[in-house]
Each structure stands twice: as C-alpha cells, then as structure tokens.
Amino acid sequence: MTDDAAPICLARPLPGPDDTRAGCAAARGVDGRPLHAAALKFFWGPMDCGKSTMALQMNYNHARQGRRGLVTTRIDRSLGPQVTTRIGLAHSAIEVTDGLDLRDLVRDAWAEGVRVDYLICDEASFYDLEHIEQMAELVDNYDVDVYAFGLATDFRSCLFPAARRLFELADSVARIQVEVLCWCGREGLLNARVVDGRVVREGEQVVIGDTANSAQVRYQVLCRRHYRAGDLGGR
Ligand SMILES: [Zn+2]
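Everything quoted here is computed from the prediction, not taken from an experiment.

Caption draft 1: Geometry of the overall build of the protein. Along its length, the protein carries 5 helices and 11 strands. Burial status across the protein gives 38% buried among its 235 residues. By sequence separation, contacts in the protein at least 24 residues apart represent 70% of the contacts at least 6 residues apart. When the accessible surface of the protein is split by element, carbon and sulfur atoms take 50% of a total near 13,600 Å².

Written out as structure tokens, the structure reads:
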C-alpha cells in the first residue's frame, strides 16, 4: 500500500440531484426537509431541582459553539424579565405575555438581522397553550430548536395544561435528575402550596408565593407520601 493512495470515505453522503455542495448534504425526508433538524425538548422537575440553572447552562453551551438564541420566561421568581436561579445565576429574558407570539418574536429578530437558532423557554408550564403550539411550529417550519423547562404538576398534583401539551408534542421529554429531598429524606416529587402553615389543595392554579418559611403563601416540595398526608414535617 502506498502513501498516496486516496482514502475512501464510506461515510460520505451521496449527493442528491439538487445538491451542489456534495458531501455536506443532510439526509432529507420525502418532503424535502432535513430528517435530523430542530427539536422540541421539554425538561421538567419539581421546584428547586435546578431547571433555571440548567436552562442558563444550556444557553451558555450553545452560545459557546457560535449559536444564537433567545431566552424567554414567565413569572420568574424575581418577577422581572429575567431568568434567575436559586444558586445565584441570572440572565435577561423576554417576558412571555398573553399576547406574545413566539413566532413573531423569532421573525422580528430575523427581520432585524439577528440570528435565532434556538429558544430557551423557562417556566414553560405557565405559558398558554397557544405558546406551546407556536413552539412546535418554530421547530417544524422554521428549524428553530426549542428547549422548554418547567414544572409538570401544580399544587394539586395535576398537570399544568402547558406541561401536558409539551408532554404530548415534544420530541423528547426528560425529568431533571437533580434530586430535591422531602423533609423525610425521600425524593421530593410534588409541589405543595402552604397557606398559614397548612397544605391547601384548592384555589387558583397559579398563585405567586415563595419557598421561604416566613411567606404567607409558600411552596414546599414533598415526597408523594407526605404530600398526600399533608405532612410538612416538624419545622
Ligand atoms: Zn416525605
């Protein structure tokens, strides 16, 4: 065998009839769109499991590779247009209001010459159902990746409508693997709403509270056993 023998690359894709950049062609479906293109991914977990931290880490990782994205949120704990995390990270974000159309958000950015390769949607369980449909359209029609982060269930242990829609539509769904512990030491699963020191199971789906013990309305992550028993431990 001589050194000047041309290597044969078996992995090189065959050029298609319309492909002038032979060798760079992505595999395409019969509808002509890339087979492995953008994706809608939903990452969920109870409060305090690090969803916002992971959202900002993902934004950082993608930006580092030269991709450009937008960060959106709704009812962040700071109540401002930013994603904040319990471990101290913060990032400016676009507040998703009732009338906001996520597709317009991307199209307007593009019109201004701003590239948008992906969206990071924090607190996605608080979005409207229309917003979730818009996420799917951004993936399917605009090839924009959408990474959504949020709670699955509310204080009654029932799915948030937006979370349910994400479970139905997302290309992939992943439970965030950072464990949050109940006071008993078991893995925390459910978000209890605590009013005047008691677990409540009726009321508005979204009531802003805190996780501080002193707050009038607060939230506490409990294991299923203690959520069902309404047992907040001896604190
Ligand atoms: Zn427990």
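Caption draft 2: Geometry of the packing of helix 3 (residues 129-142) against helix 4 (residues 161-169). Their axes nearest at 9 Å, the elements helix 3 and helix 4 cross at an angle of 25°. Accordingly, the angle class assigned to the pair helix 3 and helix 4 is roughly parallel. Crossing handedness for the pair helix 3 and helix 4: right-handed. In this structure, helix 3 contributes Leu 129, Ile 132, Glu 133, Met 135 and Ala 136 to the contact, and helix 4 contributes Pro 161, Ala 162, Arg 165, Leu 166 and Leu 169.

Caption draft 3: Quick look at the side chain of Thr 72. Within the element layout of this structure, Thr 72 appears in strand 2 (residues 69-73). The class of Thr 72 is buried, set by a relative accessible area of 0%. Only 2.8 Å separates the side chain of Thr 72 from the side chain of Tyr 127, close enough to count as a polar contact. Aside from chain neighbours lying at most four places away, what touches Thr 72 is Val 83, Ala 93, Ile 94, Val 96, Leu 102, Leu 105, Ile 120, Cys 121, Asp 122 and Tyr 127.

Caption draft 4: Region of interest: the coordination of the zinc ion. With distances of 2.1 to 2.3 Å, the protein atoms coordinating the zinc ion are Cys 182 (SG), Cys 184 (SG), Cys 223 (SG) and His 226 (ND1). What the 4 donor atoms of the zinc ion show is an angle range of 98 to 119° at the metal, which sorts the shape as tetrahedral. Between consecutive donor residues of the zinc ion, the sequence gaps follow C-x1-C-x38-C-x2-H. The pair formed by Cys 223 and His 226 is uniform in burial state, with each residue classed as buried.

Caption draft 5: Quick look at the sheet that holds strand 2. Ordered in space as 5-2-6-7-1-8, the 6 strands form an open sheet in which the pairing is parallel. In this open sheet, the two strands that pair with only one neighbour each are strand 5 (94-95) and strand 8 (172-175). One ladder, built from 5 bridges, connects strand 1 (residues 40-44) with strand 7 (residues 145-150); its direction is parallel. For Phe 43, the partnering residue across the bridge sits in strand 7 and is Phe 149. Against the sheet, helix 1 (residues 51-64) contacts strand 1, strand 2, strand 6 (118-121) and strand 7, and its axis sits at roughly 160° relative to strand 7. Docked against the sheet, helix 3 engages strand 1, strand 6 and strand 7, running at close to 155° with respect to strand 7.

Caption draft 6: Summary view of helix 2 (residues 102-111). The complete set of buried residues in helix 2 reads Leu 102, Leu 105, Val 106 and Ala 109. One face of helix 2 carries all of its buried residues, which in axial projection span an arc of 90°. Each element contacted by the buried residues of helix 2 is listed here: strand 2, strand 5, strand 6 and helix 3. Backbone geometry just downstream of helix 2 places Gly 113 in the positive-phi region, at approximately 85°.

Caption draft 7: Focus on the pattern of salt bridges. Evaluated as defined, the whole model comprises 11 salt bridges. For Arg 103, the salt bridge goes to Asp 101, with nearest N and O atoms at 2.7 Å. Across the salt bridge formed by Arg 156 and Asp 154, the nearest N and O atoms sit 2.7 Å from each other. Take Arg 156: its relative accessible area is 34%, and that puts it in the partly exposed class. Residues participating in the shared-partner salt-bridge network are Arg 74, Asp 98 and Asp 128.

Definitions and cut-offs
Residues numbered from 1 in each chain as written. Predicted model: local features only at pLDDT ≥ 70, side-chain atom pairs only at ≥ 80, totals over all residues. Heavy atoms only, no water. Helix = DSSP H or I, 4+ residues; strand = E, 2+ residues; numbered from the N terminus. Buried < 20%, exposed > 50% of the residue type's maximum accessible area, 1.4 Å probe, protein only. Contact = heavy atoms within 4.5 Å. Areas by Shrake-Rupley, 256 points an atom, 1.4 Å probe, with all protein chains shown as cover. Axes fitted to C-alpha atoms, helices over the stretch in contact; angles between N-to-C directions. Parallel < 35°, antiparallel > 145°, perpendicular 65-115°, else oblique. Left-handed = near helix turned anticlockwise from the far one by under 90°. Polar contact = N/O pair within 3.5 Å; in protein donor to acceptor, adjacent residues only side chain to side chain. Donors = N, O, S within 2.8 Å, 3.2 Å for Na, K, Ca; no water. Tetrahedral: all angles 85-135°; square planar, octahedral: opposite > 155°, others 65-115°. Pairing = 2+ DSSP bridges. Arc of directions from axis to C-beta. Salt bridge = Lys/Arg side-chain N within 4 Å of Asp/Glu carboxyl O.

Bear in mind that shape data such as this cannot, by itself, settle questions of function.
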